[in-house]
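Below, each chain spelled out in residue letters.
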Amino acid sequence: MPVISGRLRATPSRLSRAFAMTDRRWDSLWINIRLATMDSTGAAYGAIDDGALAVVGNRIAWVGARADLPGLPATCAAHVHDGGGRWVTPGLIDCHTHIVYGGDRAKEFELRLQGASYEEISRAGGGIVATVTATRLAAEQSLYDQSLPRVCALLREGVTTLEIKSGYGLNTENELKILRVARRLGQALPVDVVTTFLGAHAVPIEFAGRPDAYIDTVCTEMIPAAAALGLADAVDAFCERIAFTPEQTERVFQAARRHGLAVKLHAEQLSNRNGTALAVRYGALSCDHLEYVDEADVGAMAEGGTVAVLLPGAFYFLRETKRPPIDWFRRHGVAMALATDCNPGSSPVTSLLLMLNMACTLFHLTPEEALAGVTRHAAAALGLAHDRGTLTVGKRADFVLWSIGQPAELAYRIAFNPLARSVRAGHPIDLAMLETGPR
Ligand code: DI6
Ligand code: FE
């Protein structure tokens with residue numbers, strides 16, 4: 001893959017000689033665009049006002065000011081696209097979803113509005129376990145059909161990479177079914193799907209009162225099966241009063257390690273269980289939720305390079321009042337990612353742009369921090385920082401053109417989608433296909 005390095009970029013005159021009139025080095029070149037590269041060097045949003053971006057294959061081959069292009073646009077690339085003065089950001093990354101599930105929990109929403117708490121409903125056999133019943137009953141194709149419109153909604157807002165967790169099957173057959181559906185969605189739609197095995201999400205009814213026996217199955221059957229079939233890219237667990245203890249979580253992490261899988265954790269969402277410190281010890285990519293995390297754990301995350309994934313949709317929908325400690329994350333230099341947590345119980349959200357707004361209004365992030373949370377830091381939360389998340393030479397050519405006057409507008413508006421074009425792996429996505437469904 002020919003990649004033009006930053007060093008060469010600094011000598012445009014030599015480069016223009018190298019580019020003969022017929023020597024169209026780049027497959028495509030985007031001009032008349034304003035770049036929010038989101039790299040951490042220099043200007044706010046890594047902005048380049050009158051920018052240009054070139055693509056070779058599925059990679060970014062050149063990024064910079066239009067004035068520094070090595071020749072006239074038509075001489076440099078086979079296809080030249082005029083961006084019409086639009087802003088361009090990296091493709092958005094939703095790094096935490098449970099988007100593959102059966103049924104819905106609208107009834108539970110009504111109960112909660114009458115005063116029942118999320119934890120009470122969960123202890124009474126509702127909650128996650130109710131979705132497990134609906135997901136087990138759904139045939140694989142039905143599960144795919146139910147999940148597809150939710151994924152399409154994210155894609156229409158510029159998502160080009162999406163994490164999908166299992167966790168509503170809670171036995172080998174159904175956990176694998178969810179992961180297969182996740183992989184199929186990634187094959188049928190113009191999005192990269194990263195899968196996470198979350199067998200330790202809740203104790204299924206057949207193991208009621210025997211959580212350790214269930215964790216045995218997770219570690220000796222489910223993780224080995226998911227790993228052997230290549231269906232899981234990482235392993236997650238729910239360390240919480242209503243779910244699993246740190247000791248049980250550690251057994252899950254050990255099994256993940258035996259199979260060479262990265263780990264991450266739903267930690268300190270409803271109470272402090274010290275899951276964060278454990279996750280950091282296992283080199284976790286991310287700890288997610290973190291409303292109840294303490295400062296010592298935040299320090300440990302900083303040292304371990306663990307990303308904090310913030311989920312304002314769940315905070316809002318559960319009417320949580322304890323905010324995650326943003327100032328500690330800032331002070332200790334912990335990267336903050338943002339995600340939808342799309343799931344039927346605590347965050348029935350299929351808008352990542354709405355999460356930008358909520359992260360600012362509810363968690364007091366700046367619009368720039370919010371945008372970094374769904375680009376650069378979301379890539380890090382998936383272990384993909386080297387490959388995507390910023391507009392940088394050599395990274396995947398995933399980017400979005402927005403009809404906005406300034407990047408802060410992405411976080412400012414509510415329920416408005418200014419997406420003009422979404423480009424994934426160098427190719428513009430056919431948005432009409434998302435309306436009619438693939439194939
Ligand atoms: N934390 C959450 O917020 C979701 N899962 C988790 O571990 C909730 C999932 C659900 O209620 O169905
Ligand atoms: Fe979650």
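Conventions we followed
Position numbers for residues count from 1 along each chain, tracking the sequence in the order it is written. All chains are assigned letters beginning at A, and all ligands numbers beginning at 1, according to the order in which they are written. Reporting in this predicted model follows two pLDDT cut-offs: at least 70 for local features of residues, and 80 or more for side-chain atom pairs to be given and counted; totals over whole chains, interfaces and linings ignore these cut-offs and use all residues. Heavy atoms throughout the structure, all of them, feed into the side-chain values; hydrogens and water do not. Only protein atoms enter the calculation, which uses a 1 Å grid: trapped sets of points that fit a 1.4 Å probe without letting it out are cavities, open sets showing protein on both sides within 12 Å along at least five of seven lines are pockets, and any residue with an atom within 4 Å of a point is a lining residue. Grid points are joined across faces, edges and corners, and a volume is the space filled by probe spheres set on the points. Each residue is tested against the molecule or strand, and it is near if at least one of its non-hydrogen atoms lies within 4 Å. Polar contact is the term for a pair of N or O atoms within 3.5 Å; when the atoms are in protein, one must be able to donate a hydrogen and the other to accept it, and sequence-neighboring residues count only if both atoms are side-chain atoms. Each molecule is checked against the cavity or pocket grid, and it sits inside if more than half of its atoms lie within 2 Å of the grid points. Three residue categories are used. Nonpolar comprises Ala, Val, Leu, Ile, Met, Phe, Trp, Tyr, Cys and Pro, charged comprises Asp, Glu, Lys and Arg, and polar comprises the others, including Gly. Atoms of type N, O and S within 2.8 Å of a metal are treated as its donors, and for Na, K and Ca the window is 3.2 Å; water is not considered, so some sites may appear to be missing partners. Labels for metal geometry use angle windows, namely 85 to 135 degrees for all angles of a four-donor tetrahedral site, and for square planar (four donors) or octahedral (six donors) sites opposite donors over 155 degrees apart plus all others within 65 to 115; sites meeting none of these are irregular. Only protein chains enter the accessibility calculation, which uses a 1.4 Å probe. A residue is then buried if its area is under 20% of the maximum for its type, exposed if over 50%, and partly exposed in between. Being paired, for any two strands, means DSSP has found at least two bridges between them. In this text, helices come from DSSP runs of H or I with a minimum length of four residues, and strands from runs of E with a minimum of two, each type numbered from the N-terminal end.

Trainee: Is there a simple way to think about empty space enclosed by the protein in this case?
Mentor: Over the atoms rolls a probe the size of a water molecule, and in doing so it shows where empty space is left. Scanning all chains against the criterion turns up 3 cavities of 30 Å³ or more. One number sums up the size of the largest cavity: a volume of about 110 Å³. Together, 14 residues line the largest cavity, and Tyr118, Ile128, His201, Asn343 and Ser346 are the ones closest to its centre.

Trainee: Help me out: how do you make sense of the site of ligand 1 in this one?
Mentor: In the vicinity of ligand 1 lie 14 residues, with Arg105, Tyr118, Tyr168, His201 and Ser346 positioned nearest. Note that an oxygen atom of ligand 1 is positioned 2.6 Å from one of the side-chain N or O atoms of Ser346. Placement of ligand 1 is best described as lying within the largest cavity. Here the shell around ligand 1 is composed, by residue class, of 4 nonpolar, 8 polar and 2 charged.

Trainee: Looking at this model, I keep getting lost on the coordination of the iron ion (ligand 2). Mind explaining?
Mentor: In ideal tetrahedral geometry, four donors around a metal make angles of 109.5 degrees, whereas ideal octahedral geometry with six donors gives angles of 90 or 180 degrees. The protein atoms that coordinate the iron ion (ligand 2) are His96 (NE2), His98 (NE2), His266 (NE2) and Asp341 (OD), at distances spanning 2.1 to 2.3 Å. The coordination sphere of the iron ion (ligand 2) comprises 4 donor atoms, whose angles at the metal cover 82 to 169°; the geometry is irregular. Donor residues for the iron ion (ligand 2) sit on one chain with the sequence pattern H-x1-H-x167-H-x74-D. Judged on exposure class, the residue His96 and its partner His98 are both buried.

Trainee: Can you help me understand the sheet that holds strand β16 (residues 427–428) in this one?
Mentor: Reading across from one edge, β3-β2-β1-β4-β14-β15-β16 is the order of the 7 strands in this open sheet, with mixed pairing throughout. With one partner strand each, in any of the chains shown, β3 (59–65) and β16 form the two edges of the open sheet. As paired strands, strand β2 (residues 47–56) and β3 are joined by 6 bridges and run antiparallel to one another. Of the residues in β3, the one forming a bridge with Leu53 is Val63.

Trainee: How should the environment of Gln146 be read in this particular structure?
Mentor: Mapped onto the fold, Gln146 is located in helix α7 (residues 140–156). For Gln146, a relative accessible area of 28% corresponds to the partly exposed category. Residues Gln146 and Tyr101, spaced 45 residues apart in sequence, show a C-alpha to C-alpha distance of 7.6 Å. A distance of 3.0 Å separates a polar side-chain atom of Gln146 from the backbone nitrogen of Gly103.

Trainee: I tried to follow the pairing of strand β1 (residues 26–36) on my own but got confused; where do I start?
Mentor: Both faces of the sheet carry side chains from a regular strand, because those side chains alternate between them. Within β1, 8 of the 11 residues are buried, leaving the element largely enclosed by the surrounding structure. Bridge count between β1 and strand β4 (residues 77–90): 8 bridges; the pairing is parallel. Each bridged residue has a counterpart across the sheet, and for Trp30 the counterpart in β4 is His81. Sheet topology note: the β1/β2 ladder contains 6 bridges and is antiparallel. When the bridges of β2 are listed, Ile33 appears paired with Gly51.

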